[in-house]
Amino acid sequence: MLETDVNSEAISIGISQNSPLLNYKQNKATPDRVSESFIPEKAGNLVKVETKLPENSSQLTFQQLKAKITAIVVGSAVMLPILAVGTATYYFGSQAVKKQAILTKRADNIGITETELARQQELLATLLIGTGTTALLAGGIAALGTKRLLDSIFEKSTASREETEAATVKVYKEYIQNLSQSGTLALSRANLTMTDHQSFLLEEIVEEARRYLKCDRVVVYSLNRDRYGVIVAESVEPGYTKALNKTISDPCFEARYLAQYRDGRVRAIDNIYEAGITTCYLEQLKQLQVKANLVTPITNEGQLFGLLVAHQCATSRHWQETEIAFLHQLAKKAGLALENAKLSDEMVHLQAQIETERQWTHYFTDATQYIRQSLKQNDVLEISVEEVWRVLKCDRVLVYSLNQDNYGVVVAESVAPGYPRALNQTISDPCFEARYLAKYRDGRVRAIDNIYKVGMSPCYIEQLETLQVKANLVTPILNEGQLFGLLVAHQCGKARNWQDYEIRWITQIATQVGFALDNAKVLAESATQQAQAARERQWTHYFTDAIQHIRQSLKQDDVLEISVEEVRGVLKCDRVLVYSLNQDNYGVVVAESVTPGYPRALNQTISDPCFEARYLDQYRDGRVRAIDNIYEVGMSQCYIEQLETLQVKANLVTPILNEGQLFGLLVAHQCGKARNWQDYEIRWITQIATQVGFALDNAILLKRLKNNGIPTKPWKNFSLSITEAVNEPELLKISVEQARKAIQLDRVIVYMFDNDWNGTIVAESVASGYPRALNFQIKDSCFAKKYAEKYLQGRTKAIANVHHANLTDCHLKQIEKLDVKASLIVPILQDQQLFGLLIGHQCERPRLWKQSETDLFAQLALQLGFALDRIRLRERLYQTPDIERNEQQQPVSELLKETQTALQNLQTKINQPHQAISNQDAQNMQPLKYQEISEQPPNLRQ
């Protein structure tokens, strides 16, 4: 229909950029002449169009030839009579002269005759020339006048025709301009899509083209990729076949003509039956009743959009040059209008996109603000699903947890009324972890418009159908670089085409949810740290109070009774008892504090045949056991029955070590119900058990002092006084004063080491009349190599006479400045480090130190170390900002643990009254090891 094969020389118009050729229709006969005309192109360029001589041009040439011939005829008609008369006169005159010459010869008058005859011949020749000249002049004048007359007539006729053609071209130009303006105006006023813009323009073009060309049909044949070979626009005279939206297949078109039309080919066929068209093409045209057609290309953005085709169906038609030029220009305007329509649509689309982005940015900032206001994880998730559900206007939004605590559980949901709820449901997907977990961790986002069209497995579709899901949108929530879960939007009523801006928005919201979860976690951790710091302060206060009360007890029974009362009061449990493992009272409850209403166990003997074999060594090594529910830990039936007699539901057991031996067990019972023992409770009771062991040591020491006839009041005064100290300088000052009074010394000092093992006297109590040593600094380069490790391991040194102790001259000179005659030196341990030395001086005379005096002085140094630990701990707790306390403070058990190893060396020596301690160093002493809760594995309940 669009392109035909012509066996003879075709009549065509072809336009190209380099060699433009407008092939025009031609008749059966080959034109005699070729003329040149020009059709304006875009941007003022001209395309030369080669065509046959138009009909009006041939008529003009014929008329000009006719005028010339007429002029020649008229001139000839004027010249011929004159020439004829002149010729006849010359002829007859010549004959007469010839006769006269003959007669003269006969008369023998030769001289006269020849002269006269020559003169007559000259006159005849002159007459002939004058006659010819006259004839030529007359003919020329006649021909010139005739030509001028005819040219004037022809010029008037030509001007009339040119005016008519110019008027026609002007009408076409005005129409094309008006069509472009009206189409652009209509497009600007219409709220149309790009496809609607094209359809609107093309419909206007074919309608107006048919009206102005007065043809039967005008169509646009699309060569666009989207609708290749389809009639996309049509205007047809009623009564003729409609071709709109028909697809016309032409297998030869693309190979033979597509490039030509892309280069601007235009073709006009006056009669399809005389153009040599192949039978199949002729049949296609017959179906549309086509008798003549005119085809011109439509280009859009440098590409061939399609063909603008005019059909004459009633009869064949002789396409005029102005009609061809009009349709060609109209096709160009159509291409430009399509470009303008596309630009206009892109502008509208860009404005709509900007407005959409602005609106969704507003949604984003609002949602982010609401989400960030939430300070708890649950609040963050609940507000997030509510905001997403509100903005997306979908049927359900949920958070599917992939956290270890709630793996596979829907932890938050917002759902429209009438649809099933999924909150707290566990959705199992055995393939998810293997196939998709890593992808979502890497940021995978999936939008499914219709769950039935993406090849989902039947089991997964069934899961979604239980929630009535038709479409979903899934994006990951990352928290601290880990996949926390999935933020999922469901459309339940029908399938949904998720828009790109919706996908981007929910992805950004999921990112913000991750940040909000991070913030919530930080805040929760900060709150937890502050709570832990407050709790540590509280339990440290409980600890110091309990120690103060326990240390005030100077007898074993009092120590145990106060201990169980303090523990029950702090833990708020139902019973606390001390189960003795001492040889004197093995298996007997030697102390108890119990809530009224529960059975008493005091003085009961509890027999456990398996205990010694299975657990004795473990408790001696520091085992601590917390049982939240006695029925859930696999206890033997006999042991459960023993506990049931005391109505025990949960218990907490920690060892009491005394003199390096297992004295017994400090046990807390919960009788009303099971109890989840907290770690800080377990640490606290373990620390108290350790302090109970120390208090028992003190009680034993006091008993020994009393048995040896040494007054115990100084010791009691020392213990009470140091507990009242609130800071380190005050503690050291009280310690030296009480120690000097307890052993009746002339001077007592605290010699503190720095990092280089140089010493400074930081506290001193001295009798009047003796030199003062406070703030003295002593550098001893040999101390670190020779004595530091020994004192750290518990070395004590008693010198009865400094002049008989083999001291170096340097050392002797130093102590002689202070009038020292005898000295007693014991270490002070703090934080498992050698804090310094507690040194007693006798200045009046040498002194033979008793064993009890040495033991008492060492015990004073031991108590001073404990007091330093408490002071340091209290300072850390109350001087560190709350937010940093949890990171910087050490648990009390850790602080106490640091001094345990060294302190046991002192304990071993103190608890061996029959061992003589001479002025020589105590060698090869094996310290007993105390194991605390801090030495246990992290899980205290195992």
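Scoring rules and cut-offs
Residues numbered from 1 in each chain as written. Predicted model: local features only at pLDDT ≥ 70, side-chain atom pairs only at ≥ 80, totals over all residues. Heavy atoms only, no water. Buried < 20%, exposed > 50% of the residue type's maximum accessible area, 1.4 Å probe, protein only. Helix = DSSP H or I, 4+ residues; strand = E, 2+ residues; numbered from the N terminus. Arc of directions from axis to C-beta. Phe/Tyr/Trp six-rings, centres within 6.5 Å; stacked < 30°, edge-to-face > 60°. Lys NZ or Arg CZ within 6 Å of the ring centre and 35° of its normal. Core = buried A, V, L, I, M, F, W, Y, C linked by side-chain atoms within 4.5 Å. Contact = heavy atoms within 4.5 Å. pLDDT = per-residue confidence, 0-100. Pairing = 2+ DSSP bridges. Salt bridge = Lys/Arg side-chain N within 4 Å of Asp/Glu carboxyl O. Disulfide = S-S within 2.5 Å. Polar contact = N/O pair within 3.5 Å; in protein donor to acceptor, adjacent residues only side chain to side chain. Expected span 1.5 Å × (residues − 1). Axes fitted to C-alpha atoms, helices over the stretch in contact; angles between N-to-C directions. Parallel < 35°, antiparallel > 145°, perpendicular 65-115°, else oblique. Left-handed = near helix turned anticlockwise from the far one by under 90°.

A. Examining helix H6 (residues 279–287) more closely. If you check which residues of H6 are buried, you get Tyr 281, Leu 282 and Leu 285. Along the long axis of H6, the arc covered by the buried residues comes to 100 degrees, so they all point the same way. Looking at H6, the residues exposed on the side facing more than 90 degrees away from the buried face are Thr 279 and Gln 287. Positive backbone phi, at 60 degrees, marks Gln 289, one or two positions downstream of H6.

B. Region of the structure containing the packing of aromatic side chains. Enumeration over the complete set of coordinates arrives at 8 aromatic pairs. With 5.4 Å between their ring centres and 55 degrees between their planes, Trp 539 and Tyr 680 make a pair best called tilted. Of the two residues, Trp 539 sits in helix H12 (residues 500–551) while Tyr 680 sits in helix H17 (residues 679–707), which places them 141 residues apart along the sequence. Among the residues examined, Trp 539 registers a relative accessible area of 11% and is labelled buried. Residue Tyr 680 is classed as partly exposed on the basis of its relative accessible area, which comes to 21%. One aromatic cluster is present, formed by Trp 360, Tyr 363, Tyr 501 and Trp 505 through successive ring pairs. Sitting over the ring of Tyr 261, Arg 265 keeps its end group 5.5 Å from the ring centre.

C. Geometry of the nonpolar core. In terms of nonpolar packing, the biggest core is built from 32 residues, with Leu 666, Trp 684 and Ile 688 touching the most fellow members. Elements with a contribution of two residues or more to this core: H12, helix H13 (556–571), strand E13 (575–580), strand E16 (650–658), strand E17 (661–670) and H17. In terms of residue count, the dominant contributor to this core is H17 (8 residues). Among residues more than four places away in sequence, those in contact with Trp 684 are Trp 539, Tyr 542, Phe 543, Ala 546, Glu 566, Val 567, Val 570 and Leu 571. Counting residues in each nonpolar core, the second largest holds 31 residues, with Leu 731, Leu 745, Ile 828 and Trp 849 among its members.

D. Spatial organisation of the confidence of the model for the protein chain. On average, the protein chain scores 76 in pLDDT, and the residues at 70 or more come to 76%. A low-confidence stretch, residues 880–942 stays under pLDDT 50, and its non-local contacts, those more than four residues away or across chains, total 141 contacts.

E. Representation of the pairing of strand E11 (residues 471–479). The buried fraction of E11 amounts to 8 of the 9 residues, a majority that puts the element mostly inside the structure. When strand E10 (residues 446–448) meets E11, the two strands line up antiparallel, connected through 3 bridges. Across the sheet, Ile 448 pairs through a bridge with Asn 472, a residue of E11. Summarising the sheet, E11 and strand E12 (residues 482–491) pair through 9 bridges and their orientation is antiparallel. Within E12, the position partnered with Leu 473 by the bridge is Ala 489. Between E11 and E12, which follow one another and run antiparallel, lie 2 residues, and Glu 480 among them has a positive phi close to 55 degrees.

F. Representation of the pattern of salt bridges. This model, assessed by the stated rule, comprises 22 salt bridges. We note a salt bridge from Arg 390 to Glu 387, for which the minimum N-O separation is 2.8 Å. Placement of the pair is Arg 390 and Glu 387 together in helix H8 (residues 377–392), with a separation of 3 residues, close to one helical turn. Each of Glu 207, Arg 210 and Glu 237 takes part in a single network of salt bridges with overlapping partners.

G. Up close: the state of the cysteines. Evaluation of the coordinates by the stated rule reveals 0 disulfides. Cysteine Cys 394 is unpaired, with the sulfur of Cys 492 as its nearest cysteine sulfur at 8.4 Å. A disulfide-free cysteine, Cys 671 has its sulfur positioned 8.4 Å from the sulfur of Cys 573, the nearest such atom. Residue classification places Cys 671 among the buried positions, given a relative accessible area of 2%.

H. Spotlight on the side chain of Glu 681. Inspection of the secondary structure assignment puts Glu 681 in helix H17. Only 2.8 Å separates the side chain of Glu 681 from the side chain of Arg 675, close enough to count as a polar contact. Look past the residues within four positions of Glu 681 in its chain and what remains in contact with it is Trp 539, Leu 571, Leu 652, Arg 675 and Asn 676.

I. How the structure looks around H8. Given a rise of 1.5 Å per residue, 16 residues ought to cover 22 Å, and the 22 Å separating the end C-alpha atoms of H8 matches this to within 8%. Within H8 the residues assigned to the buried category are Val 380, Leu 381, Ser 384, Val 385, Glu 387, Val 388, Val 391 and Leu 392. Looking straight down H8, one finds its buried side chains confined to an arc of 165 degrees; they lie on one side. Of the surrounding secondary structure, the elements contacted by the buried residues of H8 are helix H7 (321–372), strand E8 (396–401), strand E9 (410–415), E12 and H12. Immediately downstream of H8, the backbone of Lys 393 shows phi near 55 degrees, a positive value.

J. Representation of the packing of H7 against H12. Axis separation between H7 and H12 bottoms out at 10 Å; the angle between their running directions is 20 degrees. Viewed along their axes, H7 and H12 adopt a mutual orientation that is roughly parallel. When the axes of H7 and H12 are compared, the crossing they make is right-handed. Within the contact between the two elements, H7 uses Thr 356, Glu 357, Trp 360, Tyr 363, Phe 364, Ala 367, Thr 368, Ile 371 and Arg 372 and H12 uses Tyr 501, Glu 502, Arg 504, Trp 505, Gln 508, Ile 509, Gln 512, Val 513, Phe 515, Ala 516 and Asn 519.

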